[in-house]
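Reading the structure
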Amino acid sequence: MSADVSDLSLVHRVQRGDKGAFDALVLKYQHKLVKLVMRYVRNPAEAEDIAQEAFIKAYRALPQFRGDSAFYTWLYRIAINTAKNAVVSRDRSPIEYNIDASSDESYEMQGRMKDSETPEGLVLTDEIRSTVNAAIDALPEDLRTAIVLRELEGLSYEDIAAAMDCPVGTVRSRIFRAREAIDRRLREVFEGGLGRAEELG
Amino acid sequence: MNEELDSQLSAMFDDELAPAECELLARRLSRDGQLKARWGRYAVVGAVIRAERGLRLNAPLAGRVSAVLLAEPALAAQSAPQGARRRGLRWWQPVAAGGLAAAVAAVSILWLRAQLPPGIPAGGQLASAQPAAAPRFPGAGALPASVTGVAAPGERYVVPHSSAGPAMVVPSTELANYVVAHSMFSSPVARRNLLSAFMTSEPAAAGAEEAQDDAKSAAH
């Protein structure tokens, strides 16, 4: 399967004026992008702001994207440049923080405290994480191996098929069924809101 | 939810769906809120498995980006006026190109006219003289003298037209008369040598010049 096909199909839709397709690209890459930006800024709220700016820049620059590189490579480049510029402008700004920046914990806490929704958001994030982990633990061995090889190791279906000694179609089915089982629980967390995951146990 | 559709969505998320199916599903994904939410949860599952720490997984970022982009014009709408402007400007391009070519041609003609000597009318007399000269040397076109090493009869008397620079047409008869008229300033030996050279270069005038020279010598 040629790489980046699904991204390109979404990109082409955005280039033809379909903003909804860009939502799908943001949903797919938002976590990876924030994680990337956090190499430059440790403050999670600031990293989200920079990632947001990077996505908007990417949207505006999308008419110039010709597909010479993979979409995510292009997007990552924009995010890195945005993060570097943000760091430079922040260093020039006269605002001083009273928190000891040499301490990772205090620096991270500083960013978290800036976000008024952070406490609830953090709890929800923890809830999401524990729900997904519990759902993965409950998966049959073959489904768990397939989804972990895909998401953690980034292997292609063909490589997973070779590793698990099964047809590619089986890999596709196993990954889908694993996602469905996890999503069934996760959907309730998202739709039920905070505390729902604890009820599900 | 259609299971086959969800299976395709999962494969598309992993970049493992055929391009044709991707096109169809991308269209549906961009419009179907439930499908999009599922797509977003697949991303969350991946982030948890990769143990990406410090991230907020309840996806406020996507909503914020979407809200900002609501105020943005769609990309196709952005590019459409540019295309229309290009189409609008397109009509004058051939007109301008034609005008430029005509201007270059006019300047070239004026320049050529300025380069011609005053006695020669413009209009290609040199070009018409060339075919007339060709029959004078029937064998000249067969093989050039530089190849054969033997000049054709009469060919050695022909001075080829110089293609470089403006032609300075001074008939050798006039030049000879000029030299004779100013002979008082030159020695007799030098004058004779010069006149001999003229006579050999212009056979028609050679006899007359020789007779004139003999008469002058006899007189002296």
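Here the structure is a predicted model, which means the values were calculated and not measured.

**Here we look at the overall build of chain B**
A count of helical and extended segments in chain B gives 11 helices and zero strands. Of the regular secondary structure in chain B, the N- to C-terminal order runs α-α-α-α-α-α-α-α-α-α-α.

**Details of the overall build of chain A**
Looking only at helices and strands, one finds 10 helices and zero strands in chain A. The secondary structure elements of chain A, listed N-terminal to C-terminal, are α-α-α-α-α-α-α-α-α-α.

**Regarding the confidence of the model for chain B**
All names here are of chain B. Per-residue confidence for chain B gives a mean pLDDT of 66, with 41% of residues at or over 70. Element-level mean pLDDT values for chain B span from 40 in helix 8 (residues 145-148) up to 94 in helix 2 (residues 19-31). Taken together, the stretch residues 81-89 has pLDDT below 50 and engages in zero contacts with residues farther than four places along the chain or on a different chain. Note on residues 123-157: pLDDT is under 50 here. Beyond four places in sequence and across chains, it has 13 contacts. Model confidence for the complex: the whole-complex pTM is 0.60, and ipTM, which rates the interface, is 0.83.

**Some points on the packing of helix 2 (residues 19-37) of chain A against helix 4 (residues 71-92) of chain A**
Residue and element names in this part refer to chain A. As a packed pair, helix 2 and helix 4 sit with axes 10 Å apart at the nearest point and diverge in direction by 40 degrees. Put simply, helix 2 runs oblique to helix 4. The chirality of how helix 2 crosses helix 4 is right-handed. Residues Tyr29, Leu33, Leu36 and Val37 of helix 2 lie in contact with helix 4, whose contacting residues are Tyr72, Leu75, Tyr76, Ala79 and Ala83. Classifying every residue of the contact of helix 2 with helix 4 gives nine nonpolar, no polar and no charged.

**Considerations on the interface of chain A and chain B**
Contacts between the two partners involve 59 residues from chain A, matched on the other side by 51 residues from chain B. For the side of chain A that touches chain B, the elements supplying multiple residues, two or more each, are helix 1 (5-15), helix 2, helix 3 (44-61), helix 6 (118-137), helix 7 (141-151) and helix 9 (168-192) of chain A. A class-by-class count of the residues in the side of chain A that touches chain B yields 31 nonpolar, 11 polar and 17 charged.

**Here's the deal with the nonpolar core**
Within the largest apolar cluster, 67 residues are counted, with the highest numbers of intra-cluster contacts made by Val37 and Ala51 of chain A. Here this core gets 10 residues from one element, more than from any other, and that element is helix 2 of chain A.

**Things to note about helix 1 (residues 3-13) of chain B**
Of the positions making up helix 1 of chain B, those classed as buried are Gln8, Leu9, Ser10, Ala11, Met12 and Phe13 of chain B. In the core, the buried residues of helix 1 of chain B are packed alongside helix 1 and helix 9 of chain A together with helix 2 and helix 3 (33-49) of chain B. Backbone geometry just after helix 1 of chain B places Asp15 of chain B at a positive phi near 60 degrees.

**Focus on the packing of helix 3 of chain A against helix 4 (residues 60-70) of chain B**
Following both chains from N to C, one finds helix 3 of chain A and helix 4 of chain B inclined at 40 degrees, their axes separated by 10 Å at the closest point. Here helix 3 of chain A is positioned oblique relative to helix 4 of chain B, judged by the angle of their axes. Pair helix 3 of chain A / helix 4 of chain B crosses with right-handed handedness. Each of Glu48, Ala51, Gln52, Phe55, Ile56 and Tyr59 of chain A in helix 3 of chain A lies in contact with helix 4 of chain B, whose residues at this interface are Leu61, Arg64, Val65, Val68 and Leu69 of chain B. Across the contact of helix 3 of chain A with helix 4 of chain B, the residue classes tally to eight nonpolar, one polar and two charged.

**Points about unusual backbone geometry**
Located in the positive-phi region is Asp165 of chain A, a residue other than glycine, with phi close to 55 degrees. Residue position: Asp165 of chain A is located in the loop between helix 8 (157-164) and helix 9. Residue Asp165 of chain A is classed as exposed on the basis of its 7 C-beta neighbours within 10 Å. Its identity is not glycine, yet Asp15 of chain B carries a phi of approximately 60 degrees, on the positive side. Note that Asp15 of chain B resides in the loop between helix 1 and helix 2.

**Describing helix 4 of chain B**
Looking at helix 4 of chain B, one finds that the buried residues are Leu61, Ala62 and Val65 of chain B. All buried residues of helix 4 of chain B fall inside an arc of 100 degrees around its axis, so they share one side. Residues of helix 4 of chain B that are exposed and point more than 90 degrees away from the buried face comprise Ala67 and Leu70 of chain B. Buried residues along helix 4 of chain B sit in contact with helix 2 and helix 3 of chain A together with helix 3 of chain B.

**Comments concerning the environment of Ile182 of chain A**
Topologically, Ile182 of chain A is positioned in helix 9. Given 26 C-beta atoms within a 10 Å radius, Ile182 of chain A is considered buried. Between the C-alpha atom of Ile182 of chain A and that of Ala135 of chain A, which follows or precedes it by 47 residues, the distance is 5.2 Å. Contacts of Ile182 of chain A, omitting those with residues within four sequence positions, involve Val132, Ala135 and Ile136 of chain A together with Val45 of chain B.

What counts as what
Residues numbered from 1 in each chain as written. Chains lettered and ligands numbered in written order. Predicted model: local features only at pLDDT ≥ 70, side-chain atom pairs only at ≥ 80, totals over all residues. Helix = DSSP H or I, 4+ residues; strand = E, 2+ residues; numbered from the N terminus. pLDDT = per-residue confidence, 0-100. Contact = placed C-beta atoms within 7 Å. Axes fitted to C-alpha atoms, helices over the stretch in contact; angles between N-to-C directions. Parallel < 35°, antiparallel > 145°, perpendicular 65-115°, else oblique. Left-handed = near helix turned anticlockwise from the far one by under 90°. Nonpolar A, V, L, I, M, F, W, Y, C, P; charged D, E, K, R; others polar. Core = buried A, V, L, I, M, F, W, Y, C linked by C-beta atoms within 7 Å. Buried ≥ 20, exposed ≤ 12 C-beta atoms within 10 Å, placed from the backbone. Arc of directions from axis to C-beta.

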